[in-house]
Amino acid sequence: MAGIRFDESFVTLPSSGMNPGYVLQLAGITHPDPSYRIRRDASHNIFVLEYIISGRGYLRIGGHDYAPRAGDVYFIQPQIEHEYGAAPSDPWEKIWFNLSGPLLNALCDAYSLRGCFYFPQCPLYSEFKQGMEILRENSPDTYLKFALQLHRMLALLGKHRMEHGDDRSSPEGLALRSFLESRWNREVTLRQLCSLIRKSPAQTLRIFRNDWGTTPYA
């Protein structure tokens, strides 16, 4: 989508001498724009965290199609091909943060968010708004304040997932994940996973990657 400009307001952070464990690539608010489309291939290395304030759109990721609307959150992780855009008849307005760094990986692992992309009706508007206000404030401790706010947002996403389940995953994908989570401190072989869902190694790995955006080993 290089060279195409949409109706958006952007926020950045100046460089800092501290190492907060993350990099804010860009943050912003997308205003209603029926032409809005973003597509990234699997070479991208950013985390995309977005809250839809109003309107509707589409999201294609991990072999699944979603129809996000006001009140929904989506969380796109690195190296997963994806595309999203506004519904022309009711284009969305949304708050978003594009990030990278080890803090994001650690929080994904801490709150079991690997491969979790879409969180319907997730009441985090005030949290996203607060994150944007912290960035706009641009005080000497903005990096620390935003790190804490980011931690809070992902912790609440993990809580939402635990309370509402994974309605976008296949039965086989859920069975594989449950098996791995119950044996996190033991060795698990691909043969065991194949036997669990009665699929070939290639089918098992494809199902797991489509549902969770990563490999069973990862």
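Scroll up for the structure.
Keep in mind it's a predicted model, so treat the numbers as computed, not measured. (Residues numbered from 1 in each chain as written. Predicted model: local features only at pLDDT ≥ 70, side-chain atom pairs only at ≥ 80, totals over all residues. Heavy atoms only, no water.)

## Comments concerning the pairing of strand S7 (residues 73-76)
Argument step 1. Burial along S7 is two-sided: the residues Val73 and Phe75 and Tyr74 and Ile76 are all buried.
Argument step 2. With four bridges joining them, strand S4 (residues 47-54) and S7 adopt antiparallel strand pairing. When the sheet's bridge partners are listed, Glu50 is paired in S7 with Tyr74. (Buried < 20%, exposed > 50% of the residue type's maximum accessible area, 1.4 Å probe, protein only. Helix = DSSP H or I, 4+ residues; strand = E, 2+ residues; numbered from the N terminus. Pairing = 2+ DSSP bridges.)

## Some details on the nonpolar core
Argument step 1. Ranked by internal contacts, the top residues of the largest apolar core, which has 42 residues, are Tyr22, Leu24, Leu49, Phe75, Phe97, Phe128 and Leu157.
Argument step 2. Element by element, the count of residues in this core is highest for helix H3 (residues 142-164), at seven residues.
Argument step 3. Formed by 17 residues, the second largest nonpolar core is a distinct cluster that contains Ile76, Ala86, Phe117 and Tyr118. (Core = buried A, V, L, I, M, F, W, Y, C linked by side-chain atoms within 4.5 Å.)

## Quick notes on the sheet that holds strand S8 (residues 82-86)
Argument step 1. Strand order in the open sheet made by the four strands is S3-S8-S5-S6, with antiparallel pairing throughout. Bordering the open sheet on either side are strand S3 (37-40) and strand S6 (64-66), each of which pairs with just one other strand. Neighbour to neighbour, the strand axes of the sheet diverge by 5° on average, direction disregarded.
Argument step 2. Summarising the sheet, strand S5 (residues 57-61) and S6 pair through three bridges and their orientation is antiparallel. Of the residues in S6, the one forming a bridge with Leu59 is Tyr66. (Axes fitted to C-alpha atoms, helices over the stretch in contact; angles between N-to-C directions.)

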